[in-house]
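Chain by chain, the residues run as shown.
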Amino acid sequence: MIDIEHAGDLAAHAGKCLGRSQWMVVDQPMVDAFATLSGDTHWIHVDVARARAEMPNGETIVHGLLLLSLMPRLQQDIYRIAERGIGLNYGYDRVRFVAPAPVGAKIRLALTLIAAEPHVQGTRIITDAEIEVEGSAKPALVARHLLLVRDKSNED
């Protein structure tokens, strides 16, 4: 865990791996809830019996967008900004779902800092992110994440 005072202090870590989150299990109830919420109820995610019969590994797979949505939660294990004010997801570039993550797998986030640079709204933090799957040679997801963070003292 990297603890810093201000978002701009991350700049000292540019070009380095910031770390990895704790492992997290993505289970079928979580996938089912996401399917209901997102409307993506394709059988490869929610029909365990059919997946057992028809999927290559006999397992349902986690939605790629569910993995993407877990990134802010997992990031909390990697770095903490003490004087963090408002933080806004600015976007994701080059999001790719590289390999399937089977439901029940353990996943974790690995972050490499590209930059932490001044921005009119605070600090723009740019990271390369990978969602790793335990036991898999390939990550399930790779993306460049852009985040805007203000210091508490700069909030109006």
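Residues numbered from 1 in each chain as written. Predicted model: local features only at pLDDT ≥ 70, side-chain atom pairs only at ≥ 80, totals over all residues. Heavy atoms only, no water.

Asks: Account for the environment of Ile 61, naming residues and giving values.
Replies: Following the sequence through the fold, Ile 61 ends up in the loop between helix 3 (48–54) and helix 4 (64–69). Exposure remark for Ile 61: the relative accessible area of 17% places this residue in the buried category. Ile 61 sits 49 residues away from Ala 12 along the chain, and the two C-alpha atoms are 38 Å apart. Not counting residues up to four positions away in its chain, the partners in contact with Ile 61 are Val 31, Ile 44, His 45, Met 55, Pro 100, Ala 101, Pro 102 and Val 103. (Helix = DSSP H or I, 4+ residues; strand = E, 2+ residues; numbered from the N terminus. Buried < 20%, exposed > 50% of the residue type's maximum accessible area, 1.4 Å probe, protein only. Contact = heavy atoms within 4.5 Å.)

Asks: Can you tell me about the environment of Met 71, naming the residues and giving the values?
Replies: Note on placement: Met 71 falls in helix 5 (residues 71–75). The exposure class of Met 71 is buried, given its relative accessible area of 3%. Considering only alpha carbons, one finds Met 71 and Leu 109, 38 residues apart in sequence, at a separation of 6.9 Å.

Asks: So, helix 1 (residues 28–38): which residues are in play, and what are the values?
Replies: Buried within helix 1 are the following residues: Gln 28, Val 31, Phe 34 and Ala 35. Buried residues of helix 1, viewed axially, fall in a sector of 125 degrees; they line one side. Turned more than 90 degrees away from the buried face of helix 1, the exposed residues are Pro 29, Thr 36 and Leu 37. Elements in contact with the buried residues of helix 1: helix 2 (43–46), helix 3 and helix 4. The opening residue of helix 1, the one whose side-chain oxygen lies 3.0 Å from the backbone nitrogen of Met 30, is Asp 27. Remark: Gly 39 follows helix 1 within two positions and exhibits a positive phi of approximately 85 degrees. (Arc of directions from axis to C-beta. Polar contact = N/O pair within 3.5 Å; in protein donor to acceptor, adjacent residues only side chain to side chain.)

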